[in-house]
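Okay, here's what each chain looks like letter by letter:
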Amino acid sequence: MNIKSILAKPFAKQVSSRVYKYSKNAVEVQQKVFLKLIKQAKFTEFGKDHHFSEIKTYDDFKKHVPIADYEDIKQYIEKVKDGEENILWKGKPLYFAKTSGTTSGTKYIPLTKESMPTHIESARNALLMYINETKKSDFLNGKVIFLQGSPELQEKNGIKIGRLSGISAHYVPSYLTKNRLPSWETNCIEDWEAKVEAVIDETINQNMTLIGGIPSWVQMYFERIVARTGKKVGEVFPNFNLFVYGGVNYEPYRNKFENLIGRKVDAIELYPASEGFIAYQDSQTEEGMLLAVNNGIFYEFIPAEEFYNENPTRISLKDVQLDVNYVIILNTNAGLWGYNIGDTVKFVSLNPPRIVVSGRIKHFISAFGEHVIGKEVEDAINSQTIDTSITVNEFTVAPQISPESGLPYHEWFIEFGKKPDNLEQFALKVDKALQEKNSYYYDLIVGKVLRPLKITCIEKGGFNNYMKSVGKLGGQNKVPRLANDRKIADELLNFKEK
């Protein structure tokens, strides 16, 4: 056993104890985070504009600080980009994480000297919690890889600019540097398909033990390995036993991954966002991810069904309830205030606070009043593929409001790895599973307002080709699970099976 894996176990125990101490006192910890954030930002331009000097309680905060999205704070961001200091947070940020917005174009999300370490520490803690629970640390002896964006950064007015995953590449802990692949040169390749081939060149003969990234892009890496070698990934990498992922739900991919790998591997889910590292999986046996309550983020929650009301309910961690779909709102030590990142979450545990990501507030289907969210469609299809030979490479769902004949329906665009023997029967089973998840949808089906869902099969590689056609292949880009319009759906029709 390597010295690294030996020393990791007592350190993991120490860190886990500290993390759970915070989590078991999450409401009190969040209150301290809240007061510290207000104190530190009191003399910023945003703090002066929003009367931070008068804020003593969370109720005070709600009176002075509105819920905001990127467009609402863009005026402040532009000043920071121009080199001005003490605008959203004290001084100037170290970085801008560059992200693609659906309505705001390119977004520039600040990362400060206070916030950046929390991203690295949270990813580290997730691994240490895994080690402490499972007593498995051998993965530290082999090679690790995180499929990510280019680490090359631009600079403007003393602030470096790049993708979050590329920025994070500059913070690889020293104890992992020698284990880390691919090389800097390969990581800097911009073309995703060329990058994947170069990554395979560098990893295929290595002792890979941990592989991480967004599932859809790791899937491409795995598929190319199988195509090149004619072997399962688990044969090529016999000591690969830990998959770390974030960005999307793994469950719809699990069957496909196990087929590509040839066996089951442990998985750790992370919830990183450019705006802050929000949660990470702390247990292989408990559902959900542990909310990072001592991470320089004060969280707020708005019931998703009220979000577009004039005065929606706005609460702190103290008042959340189990199994309610909340829009998550962030206040951070990078200078984001009342900030809506667009995600919805549900609590599956309150003590300690654990969440699952249920979808995007803008990614839903309610063309007929059904209020279907991402987690419901993912659970529906997963329930009919688990423990079967059926594999799904990718899928998305859209309403068909004006069919050529018959009742309207939900159209599921699915790229199968292995198709079901009877597609119509499979569609009916998925539809029934969705009815069980969503009572509104059930009522619409029973009431003959909608007919059961229809599946449109997408050709092999079709989703990747679609993403390539819109300039979003690779990196942190992903296809939304569902939409309330047919913008994506109509484009995907160009890639359906002939």
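Refer to the preceding data block for the structure.
We now turn to the structure provided with this report.

Reading the values: rules and limits
Residues numbered from 1 in each chain as written. Predicted model: local features only at pLDDT ≥ 70, side-chain atom pairs only at ≥ 80, totals over all residues. Heavy atoms only, no water. Core = buried A, V, L, I, M, F, W, Y, C linked by side-chain atoms within 4.5 Å. Buried < 20%, exposed > 50% of the residue type's maximum accessible area, 1.4 Å probe, protein only. Helix = DSSP H or I, 4+ residues; strand = E, 2+ residues; numbered from the N terminus. Salt bridge = Lys/Arg side-chain N within 4 Å of Asp/Glu carboxyl O. Contact = heavy atoms within 4.5 Å. Polar contact = N/O pair within 3.5 Å; in protein donor to acceptor, adjacent residues only side chain to side chain. Phe/Tyr/Trp six-rings, centres within 6.5 Å; stacked < 30°, edge-to-face > 60°. Pairing = 2+ DSSP bridges. Axes fitted to C-alpha atoms, helices over the stretch in contact; angles between N-to-C directions. Patch = residues over 30% accessible without salt bridge, like charges linked within 9 Å, V, L, I, M, F, W, Y side chains within 5 Å. Areas by Shrake-Rupley, 256 points an atom, 1.4 Å probe, with all protein chains shown as cover. Lys, Arg positive; Asp, Glu negative; His and termini not counted. Charge placed at Lys NZ, Arg CZ, Asp CG, Glu CD. Parallel < 35°, antiparallel > 145°, perpendicular 65-115°, else oblique. Left-handed = near helix turned anticlockwise from the far one by under 90°. Nonpolar A, V, L, I, M, F, W, Y, C, P; charged D, E, K, R; others polar.

## Remarks on the nonpolar core
In this structure, Ile278, Phe301 and Trp337 are the most contacted members of the largest nonpolar core, which totals 59 residues. It is helix 2 (residues 26–40) that provides the largest number of residues to this core, a total of 6 residues. Core analysis: the second largest hydrophobic core is formed by 43 residues, Phe222, Phe257, Ile261 and Leu473 among them.

## Some words on the pattern of salt bridges
Evaluated as defined, the whole model comprises 24 salt bridges. Residue Lys81 pairs with Glu78 through a salt bridge whose shortest N-O separation is 3.5 Å. Placement of both Lys81 and Glu78 in helix 5 (residues 70–81) is noted, with a separation of 3 residues, approximately one turn of the helix. A residue is classified by how much of its surface remains accessible, and Lys81, at 15% relative accessible area, is buried. Notably, a salt bridge pairs Asp323 with Lys346, separated by 3.9 Å at the nearest N-O pair.

## A closer look at the environment of Ser358
When you line up the elements, Ser358 lands in strand 16 (residues 353–360). Residues Ser358 and Lys346, spaced 12 residues apart in sequence, show a C-alpha to C-alpha distance of 6.4 Å. Beyond its immediate sequence surroundings of up to four residues, Ser358 is in contact with Asn325, Thr344, Val345, Lys346, Ile373, Gly374 and Lys375.

## Describing the environment of Glu424
The residue Glu424 is located in helix 15 (residues 423–437) in this model. Counting along the chain gives 30 residues from Glu424 to Lys454, while the straight-line C-alpha distance between them is 8.2 Å.

## Some thoughts on the side chain of Arg486
Summarising the element assignment, Arg486 is placed in the loop between helix 17 (462–469) and helix 18 (487–492). A polar contact is formed between the side chain of Arg486 and the backbone oxygen of Pro399, at a distance of 3.2 Å. Not counting chain neighbours up to four residues away, the residues in contact with Arg486 comprise Ala398, Pro399, Gln400, Glu411, Phe413 and Leu493.

## Examining the packing of aromatic side chains
Considering all chains together, one arrives at 31 aromatic pairs under this definition. Arranged with centres 5.3 Å apart and planes meeting at 85°, the rings of Tyr250 and Phe257 form a pair that is edge-to-face. By the burial criterion, Tyr250 is buried, and Phe257 matches it. Chaining the aromatic ring pairs together yields one cluster made of Phe34, Phe46, Phe52, Tyr58, Phe61, Tyr76, Trp89, Phe298 and Trp337.

## Focus: the sheet that holds strand 12 (residues 297–303)
Across the sheet, which stays open at both edges, the 12 strands sit in the order 6-3-7-8-9-10-11-16-15-14-12-13 with mixed pairing between neighbours. The sheet terminates laterally at strand 6 (180–181) and strand 13 (315–316), the two strands that pair on one side only. Direction of pairing for strand 8 (residues 242–246) relative to strand 9 (residues 266–273): parallel, over a ladder of 5 bridges. Paired with Tyr245 across the two strands is Glu269, which belongs to strand 9.

## Digging into the sheet that holds strand 21 (residues 454–457)
Across the sheet, 3 strands lie side by side as 19-20-21; this open sheet has mixed pairing. Where the open sheet ends on each side, the last strands, each with one partner, are strand 19 (391–400) and strand 21. Each strand axis lies, on average, 25° off the axis of its neighbour in the sheet, ignoring direction. Pairing geometry for strand 20 (residues 409–418) and strand 21, over 4 bridges, is parallel. From the neighbouring strand, Glu411 faces strand 21, where its bridge partner is Lys454. Its contacts with the sheet put helix 13 (residues 251–261) on strand 19 and strand 20, and the angle it makes with strand 19 is roughly 155°.

## Overview of a positive patch on the surface
A surface patch of positive charge is lined by Arg451, Lys454, Lys496 and Lys498. With respect to the element layout, Lys498 can be found in the segment after helix 18. When its relative accessible area of 87% is taken as the criterion, Lys498 is described as exposed.

## Considerations on unusual backbone geometry
Residue Pro182 is reached from Leu181 by a cis peptide bond, and omega for that bond is 0°. Mapped onto the elements of the fold, Pro182 is located in the loop between strand 6 and helix 9 (184–187). Across the junction of Asn351 and Pro352, the peptide omega takes the value 5°, indicating a cis bond. Here Pro352 is to be found in the loop between strand 15 (339–350) and strand 16. Here Asn86, not a glycine, exhibits a phi torsion of approximately 55°, which is positive. Of note, the phi angle at Asp323 is positive, near 60°, even though the residue is not glycine. Along the chain, Asp323 falls in the loop between strand 13 and strand 14 (326–332). Taking relative accessible area as the criterion, Asp323 reaches 57% and is therefore assigned exposed.

## A few points about the environment of His170
Examined against the element boundaries, His170 turns out to sit in the loop between helix 7 (164–168) and helix 8 (174–177). The partly exposed category is assigned to His170, whose relative accessible area is 38%. Apart from the residues within four sequence positions on either side, His170 is in contact with Pro151, Leu153 and Trp184.

## Quick notes on the packing of helix 10 (residues 192–203) against helix 11 (residues 215–229)
Running from N to C, helix 10 and helix 11 cross one another at 60°; their axes reach a closest spacing of 10 Å. Regarding the angle of helix 10 to helix 11, the classification is oblique. Considering how the two elements wind past one another, helix 10 and helix 11 form a crossing that is right-handed. Judged by residue contacts, Trp192, Glu193, Val196, Glu197, Val199, Ile200, Asp201 and Thr203 of helix 10 engage Trp217, Met220, Tyr221, Arg224, Ile225 and Arg228 from helix 11. Counted by class, the contact of helix 10 with helix 11 contains 8 nonpolar, 1 polar and 5 charged residues.

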